[in-house]
Each structure stands twice: as structure tokens, then as C-alpha cells.
Amino acid sequence: MFSRIFSGIFGHFFLRAFVIQSALGFAILAVVLSLFNFVSDRMAVEQGRTFANSTLAATIDALYKNEYGNIVDYCMGIMKNTPNIDFIVYSNKNGTELLIKPERWSIEEKSLHYYRLGFELPEWQAYALEDAGRFFNPASSFVFSRPIVIGGQQWGVLSVGFSKKAYFYSILEFYFSVTALGIAAGLISLYLFFISTRRIRSQLADLEGIARKLSEGQLTVHAKESSIGEVGLLGTSINAMSRALKEKSDRLEQLVRVVEQTDDAFVLFDDTRHVIFTNDALVKFTGRPGSFFMGMTLTEFGHLLNLSELERMSQDQLVTQCCDVAVTKMDQSTVDAELRLESISSDKAGIGYLLVVLSDITDRKLAEISLQESEKRFRSLANAAPTLIWVAGADKLCSWFNNTWVSYTGRSLEQEIGNGWTEGIHPDDFTRCLETYTSSFDARLPFSMEYRLRNHQGEYRWFIEVGRPRIDENGNFVGYIGMLTDINDRKMMEQTMRLAQFSLDNADEEIFWINSEARILDANSLACKALGYSKEELVRLSVADIDPVFLSENWADHWQELKEKGSLRFESAHRTRDGRVYPTEILANYFEYEGHEYNCAFVRDITEHKQLEEDLKRQAHIDFLTGLCSRGHFMEQSEVELSRAIRYQSPFSLLMMDVDFFKQVNDTHGHKVGDYVLKKLAEICRSILRDVDVIGRIGGEEFAILLPETDKDEAIDVAERLRGAVANEKVPLSAGGLPLHFTVSIGLVSLASKDDNMDVLFNLADKALYEAKNSGRNRVCVAEQ
Amino acid sequence: MNEKLMRSSVVSLFLLIAVASPALAETAKNTILMGGSTNGLRNTTQQDAEITFNTLLDDALKNSDLKLNIVVFPTTEELYAAFDRGEIDGLFGSAVEYFPREDELGEDTMALGFKGTGVKQRFVVVVRRADGAAQIAALKNKRITLARGQDIEAVFLNTLLLRQKLPEIPKFFSEVRDSKNPNVALMDVFFAKSDVTIVRENEFATATELNPQLGKNLVIIEKSEPYVPAMGSVRKNLTKGKVTELVNALKKIYGTETGKKVLSYSQAVSLETITREDKQSIRDLVIEYRSLKAVPPPPAASTAQATKARVRKNVQ
């Protein structure tokens, strides 16, 4: 156990902790000792003061009476039970000292030792200590003295000697106890520390084992990283170290394998330029074993292999150099090789090692020859191609043009090389062309652009140019290669097509291309605009989607008719995207193209035309001045109503009404007032009569009224109400003055027989009107039937 | 309390108990009660004596069926009254106190044994050498110091004076000073507070050990024959077995640490039984004193002189 505790890092720690703890303990004891000494002095002073005071109090009476026997007896008795009092001395100024000890007492004459001790005190100090501070002399005493005053007179001095033995042994016991306890506590704490560190010691032992395995080359060991504190961190570091060592070992192994298996010959020269290492591949280059070269100087090595450049290249040690050489083998044959020199820093300062590498470049040489031949073939092919081909370097300058290019431009290759070729670009295309070329070049991206290039006759033709970056076998960008294709004819056709499309888009009529299945294939801009669809939306619709009149079941007949006649013109209607329907006139044209049937329909919006027709029709039925039915329309309506009354045997009446003295109104107030009177009359009629009643102006101031479902009596009431209303109406005149009054006369007739016709009824009513006029006007007369 | 004096008193008291214990009467509870007076205690108090001795005796008899307790009376007269009333089973004290009740006490008497002198002690009269007094008669009108409890020493000195036809102490000496103990009495003489004192021989030896200057400055002018100064016994009616048990237990007191310590205070080394012959010399002394006292002494120095001396002492 002892050897286990005091061995290893923890033994190291144990011993030091023990020493530190002990030293610290003793240091503390030293401090405590001083303190204890001080305190003991203070205690002695207090004890001395107390004892001296009590002793003096007990003996002062005896002292006063000179009863020294009682004093001695008292003091000896006290000292018997107070072992730490060595002596008590009463000394007076005459030099007499009464010295009392526990076992004896005496009288000393002519001794002023204790007297002086007490009386030489400063006034402020009531005691003196003799031999104080020398604590470690147990044989000595320290003395407390105080003056004795009796009746106000200084009698002498009382001195009390205290044994240091008791203090000495008490502090000795204290020191012994503290030391023993300290040592015991130290040993116990160390043992507990030893026990409590079992786990970490075990972990450290594991780490030591792992480190030993590492030193033995076992690089796959793994330390516990979850160990305590720094041990865990140490484990982590060891694992990292083992991984790093393993990685480097693997890499070193790979490097050795590479060096041994590579086809390149490695020759390592030390700092004195003597061969210290060769690999097996050197045999292939020299025909000699590697051991042959060991210790050979650089010069000898160069001469032997006919490497004249070797010594010169070795002069510059800081730069890796290489060159192609022909190595002479032992049989005097040669091998094409790349000679490469690498300076390798050694651990020592100064000149480092030199590595000479010989790489077989026979294949590369063959490849170069092959490449040259390939280049030739490429140029032959490119020159024979009908397209214009150019090649540019990484500096953006064109380095080669094929013969087709040269022939087209009529310029020499030298003129075109570099940036000379840009002189043939059309001025309008120049800027765009160069921007595309430059930006693509910078981004190393393929590009395609169209521009005009001048030919040898000075004419410009359109070309499409496609450029691709050139990357060599090592992945390096080496420039661009481009090819131009003549697209002049296509450009012309496109121009024509754009013109046609422009024309269609700007035509006054909507144009639709429809197939035989009524699908819309295309439409011009006006059609899209009129219907509210985009072209893309429109081509997804059929005719039924835009033509509300169109019936799908009639499409086949319609298509057949169109096919037979070639074209059809008819009216229909179109529905816009927002649901509005407008009338159209359609001219459908049938044609076939590339085996397919098409209908090219020209559609015209005839909304205005239809509106005009409606207006004309309405003007024929309505009286312009009064808004009532015109005479013709009234006649048509009267025939209809009469027929209905006869058919359903329902009553029917007709009123004929005329403005009284209308001629005088015109003559007096003018036609404008006359017209106003007529408008007012029409207004009164519409207010009095029903909606089913038909009112017509059949002459200048003559009106006719049809009253369906109205018999004679009812018609009389209506006529009277109408007459009364007119008579009560006042027409204000714009010129001022009294408002104008006017009246009407009304003739009334009712249907009496199914044989009556409108002519008869008109005549009868007209007669009744005439009668009303003759009988004084402003009245209603019923026709006699 | 003066420790030394207390311990000395304890020793004396213990001596008396030891002397008296064999004669203790058996009580219903086997408790034997011994009595003494403060005259026999010298400088200790009644309570201290009782507590010290009872504790010591309890320890000595802890394995016995007997229990021995002491009781201290203020005066000899009260001691005798208690004894006469049968309230105590034995008596201890000086020879002066012992002999008047000797007839009622048993034969087994115990006394302190001193180193070198056995159970007997000599009394010595001590004066300052410088005073030049060589005989007791030369001490007339001198000051004497007597310690408390020295009744037997006073008997000896009075006998000595009476033999020379001199008056007894109060009249022979100009001043009689009391002291706490014989040692103080000797120091009184040494410091000239007194002119003469009488102490036991071992007490004088002890004092000179404490201060050899005393041996040089003080001188013995009279020395008695050896006497047993104090003794004690139980009543006669206590059975022999009980008395023997008590005696054996008390003899073993010196074997205990406490007992040895208490006895050592008075240079005593043992508790021993004494014979009638051992008591005879002190008995003869008492008898002689009584017989001499019966003859009127010659006229002493005038009373006026003695009174003057007392007054002078008080003034000082």
C-alpha cells in the first residue's frame, strides 16, 4: 500500500501535499506561538494583578501590624494550592525582602531587587514583568510586581513569581496535540485522497497503457474520452494523436507504395549531392539496379545517363525545374523522359536534399505527334466546310479562319486575324456583336448571335454565329471556336412574314383561322382586343365559345355549304370575355393548305348599323312631336285591337279628339306655342289613360284613342275625364301674360257588331266629333249607331 | 480558608476520629457518630472538618456495613453534654478533653503515629536566641503566643510554671497572643511580635524546614517528655467485632492516597491503636497539673503591669 501511495504522479502529489500541509501547519503554529506568547503574557499580567491584589488585600492588615507570621502562613497556604506560583516577595525600601515559597520562606536583608523592580515602574504601569517573553525556558519564572501602599505611604513592593512550567507544558501539550492531530489528519486525508482518486488513477493507468501501445506502433488504440476532467481531454488528445499518426502512417505507407510502384524513377541526393535513395523504377530508365547508384555523385549520375542538363539545373535549388531529356540506358538505347528536380528541405539548416525524378514521357510524345496530326486534319476539314469557321485564343484574338471565311470576305487571313475580322460587321450590328462576344468570352460561356457580315462584293448577308469555349485535356480554357451559317434567305422570309402579320394585326376586321372542327387556330390582334382574350387564350377556344348564335349541330352543314360555295356572308353575334354580345357580319372563306381544311373568317362589328336600323324603325311608329303613335302605327294597332275584341267578343271603344280653335292658337301665339299645346295634350292623355290604351296623333291637332275592354259608358266617363282635365289645364306662355286655356272636342264610338271595321268606326267617331264641334265645342258626343 | 491550617486541622480531627472509632456504638443503621469540639480542630472550621472527614471516612468504609460520621461541637462543654445525653457514640479530642470521659469509653484507643517518634510528641518552649533567655523563669512578663487548640500544651507549660512556683500563663506573661496555628506562633516569635511560644517538637521541626533562619534565630529552652497529645474512642458498649472492623478500616486510611495526603499535612504517617501505658504519661501530666493547681501559686507580677502590657500591645 505504501509503495502504491508514494509512487507515480499521485505519490509525487501526495508527498508534496503532505510536505506543504505540514509546512503550512508549522508556519501557522509559529504564528500562533507568537500570539500565544503574547496572550500568555497578558494572561500572566492579569493573573498576577488578580493574585497580587487578592494577596495584598488578605495580608494588608497583617502587614500593617507587622504580623509577618500570618502573612507567611497565608501565602504558603495559598501557594500549596496554587502550583504555578513560585514565590511571593514582600520587599520594603530598607532592603528587607520577605521571600515566601511553597515549601520554605526566608528573610533577605539588604536586597532591593524586587523593590527596584516594582518602584522603577512608570506611573501609568501598576506592574512589571521580569523575564517575560522568554517562554521556552520552563525553569525560569516571570514576575509580577506592584507597589504596596499603606495609609497613603509606599511601604514597599509585592512581587509574585509565576512558574513558566505550567504554561510551558500546556503549550507543549497544545503543540503536541496539534502536531499529532495534523499528522493524523494529513495521513487520513492522504489515504482518503488515495482512495477517492482510485478512478482517476485507473483512468491514468489506462492512458499510460494506451500511450505504451502507441509507442509500440499500435495506432488503432482508442482512449476513453469520457474520463474525468483533463484526463478526458488527454484521452481526446491521444485519440487525435493516434488518428493523426495513423493518417500520417497510412499516408507514409501509401507514399512508400507509390514510390515503389510508380513508373517514375526517384533518385534522392543528400546535401553533399551523393545518391542516398533510388526506387525500383530507376532500373527501367537505366537498366542498372538501384544499388549501383548508391553513393554516386550528381555529376557522375548525370554523365552516366547522359543528362547534360542535370548539373546546371541543380545549381538553382530553390526553383523546381523540369525539362525533357533522353536518358541513355546501359544498352545505349534512349528513353524519352521528363527530368524534374525538387529541392527538399532537410532538418538541418543550409543545403537540403535534392530529389531527381525521371518520368517516362514516351506516351506524351506520341500523343503530341498525334495531336499535331489531328490539328492538321481539323484544319483540312474546316477549310472544306461550307460554313465560316474561326478560332480564337484565350486572349480573345482570333488566330485562325477557314478558307470559306477568307473566300466570303475576300480578305487575307492576315487581315482577319486578331480583331481585323470585325471590320466586316454591319455598323448597326457592330456594338451588339462585340458585347455578346466579349461577355461570353469573359464568362467562358457558349454564345449564339446573328449579325450581318460584308462579303467580298460589299454586300451584307445575315449569319448566325455559334461560339463554344475550347477546353484542353487538362481542363484549361484555351480560347473559342466559332462557326457562322448564312441565314440571309431565312431572314428575308421572316421579314415578309412579319409584314404580313403586321398587316393582319392592323386590319379593320377581326380575322379568325378556324379548322374543320370549329376550333380557333389563330386570330389577329383586333379579334383578341374585341373579344377581350389574349391570343393564347383564344386559340384554346372553339367557335361555340365566342358565337352565341352558333349551333354545334349545324356546324357540319355550315362547313359543307362553305366548302361548296367557297365563301359565305352572314350575320351572327360574338360574345366577349365579359359576356357582352355584339352583332357581327361574317365573311367566311374556305381554303385548303398542305392537306388541311381551313376557314379564314373576316368578322365585322355591325352594332352601329343595327342601331341605325332600329332608330329608323322607331321613327316610323312614333310621332316626333308628341311621342304618341304615328298615324300609320296607330292604324296597325287599331286593326290588331279590333280583331282581338271581335275574336274574344270584348268591348272596344274609339275616341276622336280635336283641339278647339287650334288655328287661332297658332295664329295668335305662334307654332311653337301650338306645338307646346299639342305636347301638353299628349302628356295629359298619358296621365289619364291606361297603358293598354293606344293614343295616336293622326292629323295636325287631331288625335285618336283606342280603349280596349271598354264599353260605351266607360268610354264616356274616360272621355269626360279627359276633356275636363284638358279644360282645367293652364299653359304658361313664355312671353308672359295670362296662361293659355284650351279645350278639346271628343267624338266617341263603341264596337257594336262583329261586322264593324275600323273604317266604319273611324267614320262614326269622326261624325260624333263633328257634332261636338258644331254643338259648341269642349264636349263629348257619342256616335249614333 | 488557610489551606495549610485546614489540612492540619483535618489531620487532627482525623486523628481523633481514628482514636474514637473503635468505641463507636452500633446503631440501628450501623452508623456510628463520633463527636469532637472546635478546640480539637485548631484552625479549621466546624463545617470544613465535618465535610472533609465524612468524605474521607465514607471512602475508607465503602466496603463495610459500618458507617462512621463525625460531628463537631463549638465547645468542649457542648461536646460533653451531647456525649452525656447519648447523642454521640464516641469522642475524640486532646488529652484534656478525653480523660474526663475516659471511664465511659472503650479500651481500644487510637492516635496519630509520627515519623520517628511514634504516637508521642514532645512539647518545646521556643524563644529568640538573641533574647538570651535560657530558663522559663527568665520569661516573666514576656509576651507569649499560643495557637488555637493548644490546651494540652498550655497544661504542660502551666505545670512547668507551677513546678517552679510561678503563676500560670495569664499572670506570668505580660501578653498572651493567639495565633492561627503553631507555625504562625513560631513566626510571631521570629518576627518579635512575641517573645515565647510552645509548640510540639515536630511542628518546630517543620517550621525550621520551611525557613532554616528560624532554626538559627530561635532556640528551645524547655522540652517535655513524649506525650500522646490527642486520642479518641467509642463507647464501651460497641461489640468487639465492630470495633475491630472500624480499627482495621481506619488503619488502612493511610494506604489511600487521600488519607496519606491528609495525614502528611501534620507529618503523621499512620493511625495506630495505643495502650493504656501509652496514655499514662499524659495522664500523669494532667494529674500533676491538677494537683499543682490545687496549691495557690505565689503572688505574680502586679496586675497593673500585666494590664499595661496588654494596653501597649494594643496600641502597637
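Residues numbered from 1 in each chain as written. Chains lettered and ligands numbered in written order. Predicted model: local features only at pLDDT ≥ 70, side-chain atom pairs only at ≥ 80, totals over all residues. Heavy atoms only, no water.

Would you mind showing me how to read helix α8 (residues 182–190) of chain B here?
Side chains that are three or four residues apart share a direction in an α-helix, a result of its 3.6 residues per turn. Residue and element names in this part refer to chain B. The buried fraction of α8 is high, at nine of nine residues. When we look at burial in α8, the residues that qualify are Pro182, Asn183, Val184, Ala185, Leu186, Met187, Asp188, Val189 and Phe190. Put simply, Asn181 is the residue that caps the front of α8, since its side-chain oxygen is 3.0 Å from the backbone nitrogen of Asn183. In the stretch just after α8, Ala192 is the one whose phi turns positive, near 65°. (Buried < 20%, exposed > 50% of the residue type's maximum accessible area, 1.4 Å probe, protein only. Helix = DSSP H or I, 4+ residues; strand = E, 2+ residues; numbered from the N terminus. Polar contact = N/O pair within 3.5 Å; in protein donor to acceptor, adjacent residues only side chain to side chain.)

When you look at the environment of Thr334(A) in this model, what are you seeing that I'm missing?
All names here are of chain A. Mapped onto the elements, Thr334 comes out in strand β10 (residues 334–344). Linking Thr334 and Phe285, residues 49 residues apart in sequence, is a C-alpha distance of 8.4 Å. Leave out the neighbours within four places in its chain, and Thr334 touches Ala326, Val327 and Thr328. (Contact = heavy atoms within 4.5 Å.)

Can you walk me through the packing of aromatic side chains in this structure?
A complete count under the given rule lists 30 aromatic pairs over all chains for this structure. Consider the rings of Phe292(A) and Phe293(A), whose centres lie 5.2 Å apart with planes at 90°: the pair is edge-to-face. Under the relative-accessibility criterion, Phe293(A) is labelled buried at 0%. Members of the aromatic cluster, joined through ring pairs, are Trp390(A), Phe401(A), Trp405(A), Trp421(A), Tyr437(A), Phe441(A), Phe447(A), Phe477(A) and Tyr480(A). If you follow Lys491(A) out to its NZ or CZ, it ends over the ring of Trp462(A), 4.2 Å from the centre. In this structure, Arg101(B) is placed above the aromatic ring of Tyr80(B), and the distance from its NZ or CZ to the ring centre is 4.1 Å. (Phe/Tyr/Trp six-rings, centres within 6.5 Å; stacked < 30°, edge-to-face > 60°. Lys NZ or Arg CZ within 6 Å of the ring centre and 35° of its normal.)

What is the right way to read the sheet that holds strand β22 (residues 652–659) of chain A from this model?
Each strand in a sheet pairs with another by means of backbone hydrogen bonds, the pair being arranged parallel or else antiparallel. All names here are of chain A. Judged by pairing direction, the sheet is mixed, and its five strands sit side by side in the order β23-β24-β22-β27-β28 without closing on themselves. Each end of this open sheet is capped by a strand with a single partner; those strands are β23 (694–697) and β28 (780–782). Averaged over neighbouring strand pairs, the angle between their axes works out to 20° when direction is ignored. Against the sheet, helix α23 (residues 671–688) engages β22, β23, β24 (702–708) and β27 (744–750), with an angle of about 155° to β22. (Pairing = 2+ DSSP bridges. Axes fitted to C-alpha atoms, helices over the stretch in contact; angles between N-to-C directions.)

I'm lost on the interface of chain A and chain B in this one. Help?
On the side of chain B, 20 residues touch chain A, which itself brings 19 residues to the contact. Linking Glu67(A) and Arg177(B) is a salt bridge whose minimum nitrogen-to-oxygen distance equals 3.4 Å. The interface formed by chain A and chain B includes six residue pairs in polar contact (both at pLDDT 80 or more). Where the side of chain A that touches chain B is concerned, the elements lending two or more residues are α3 (68–80) and β3 (105–108) of chain A. The element contributing the most residues to the side of chain A that touches chain B is α3(A), with nine residues. (Salt bridge = Lys/Arg side-chain N within 4 Å of Asp/Glu carboxyl O.)

For this particular structure, what's the right way to read the environment of Lys216(B)?
Residue and element names in this part refer to chain B. Tracing the chain through its elements places Lys216 in helix α10 (residues 212–217). Judged by its relative accessible area of 60%, Lys216 is exposed. Considering only alpha carbons, one finds Lys216 and Phe190, 26 residues apart in sequence, at a separation of 10.0 Å.

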